[in-house]
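Spelled out from the first residue to the last, the chains are:
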Amino acid sequence: MRDPIVDKIQSNPKYHELRRKRNTYGWLFAALMMVVYYGYIALIAFNKPFLATPIGSGVTTIGIPIGLGVIVFTIAITAIYIRRANGEFDRLTAEILKEATQ
């Protein structure tokens, strides 16, 4: 026995829009994160001399700010996703539930 509310939700065009947008956004960010992370790992594996190049006259190398950049990038795309999820995705979800329970 199927729940009629579930059927209403699954037949709602906004539900399909929400799923499409959320999946597209999630896969895009996952791909970006993998490119950045694995790019950094590939740089470590294949170009150690570049990462070992000192910055200025100190002991800090180029690899340190690049590694910090990977961490900051991760935090940034997480914040962007959360902002969109708490805004557009939650609004669409509320509209879908409101229409399904009427």
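Residues numbered from 1 in each chain as written. Predicted model: local features only at pLDDT ≥ 70, side-chain atom pairs only at ≥ 80, totals over all residues. Heavy atoms only, no water.

*Asks:* Explanation requested: the confidence of the model for the protein chain in the structure shown.
*Replies:* Interpretation of the predicted coordinates at a detailed level should be avoided for regions scoring low in pLDDT. Taken as a whole, the protein chain shows an average pLDDT of 93; of its residues, 99% reach a score of 70 or greater. For the protein chain, per-element mean pLDDT is lowest for helix H1 (residues 4-11), which scores 88, and highest for helix H2 (residues 13-46), which scores 95. (pLDDT = per-residue confidence, 0-100. Helix = DSSP H or I, 4+ residues; strand = E, 2+ residues; numbered from the N terminus.)

*Asks:* Sorry, what's going on with the packing of aromatic side chains here?
*Replies:* By convention here, two paired aromatic rings are described through the distance between centres and the angle between planes. Counting across every chain of the model gives five aromatic pairs. On the basis of an interplanar angle of 35 degrees and a centroid distance of 4.7 Å, the ring pair of Tyr25 and Phe29 is categorised as tilted. One end of the pair is Tyr25 and the other is Phe29, both in helix H2 and four residues apart, which spans about a single turn. By relative accessible area, Phe29 is classed as buried at 13%. Members of the aromatic cluster, connected to one another through ring pairs, are Tyr25, Phe29, Tyr81 and Phe89. The aromatic ring of Tyr25 is capped on one face by Arg84, whose charged end is 4.2 Å from the ring centroid. (Phe/Tyr/Trp six-rings, centres within 6.5 Å; stacked < 30°, edge-to-face > 60°. Buried < 20%, exposed > 50% of the residue type's maximum accessible area, 1.4 Å probe, protein only. Lys NZ or Arg CZ within 6 Å of the ring centre and 35° of its normal.)

*Asks:* Even after reading the chapter, I still don't get the packing of H2 against helix H4 (residues 63-100), so can you show me in this structure?
*Replies:* Describing two packed helices takes the angle between their axes plus the distance from one axis to the other. For the pair H2 and H4, interaxial distance at closest approach is 10 Å and the crossing angle is 175 degrees. Classed by the angle they form, the pair H2 and H4 counts as roughly antiparallel. Residues belonging to the contact of H2 with H4 are distributed by class as follows: 18 nonpolar, five polar and eight charged. (Axes fitted to C-alpha atoms, helices over the stretch in contact; angles between N-to-C directions. Parallel < 35°, antiparallel > 145°, perpendicular 65-115°, else oblique. Nonpolar A, V, L, I, M, F, W, Y, C, P; charged D, E, K, R; others polar.)

*Asks:* Would you take a moment to explain the nonpolar core for this structure?
*Replies:* Looking at soluble globular proteins, one finds that nonpolar side chains tend to be buried together. The biggest cluster of nonpolar side chains holds 13 residues, and the ones touching the most others in it are Leu18 and Phe89. Broken down by secondary-structure element, the contributors of at least two residues to this core are H2 and H4. At seven residues, H4 tops the list of elements feeding residues into this core. Not counting the four nearest positions on each side in its chain, Leu18 is found in contact with Phe89, Leu92, Thr93 and Ile96. (Core = buried A, V, L, I, M, F, W, Y, C linked by side-chain atoms within 4.5 Å. Contact = heavy atoms within 4.5 Å.)

*Asks:* Before we go on, may I ask you to explain the environment of Glu17 in this structure?
*Replies:* Tracing the backbone through its elements, the reader meets Glu17 in helix H2. Here Glu17 falls in the partly exposed class, since its relative accessible area comes to 27%. Remark: the alpha-carbon pair of Glu17 and Tyr37, spanning 20 residues in sequence, is separated by 30 Å.

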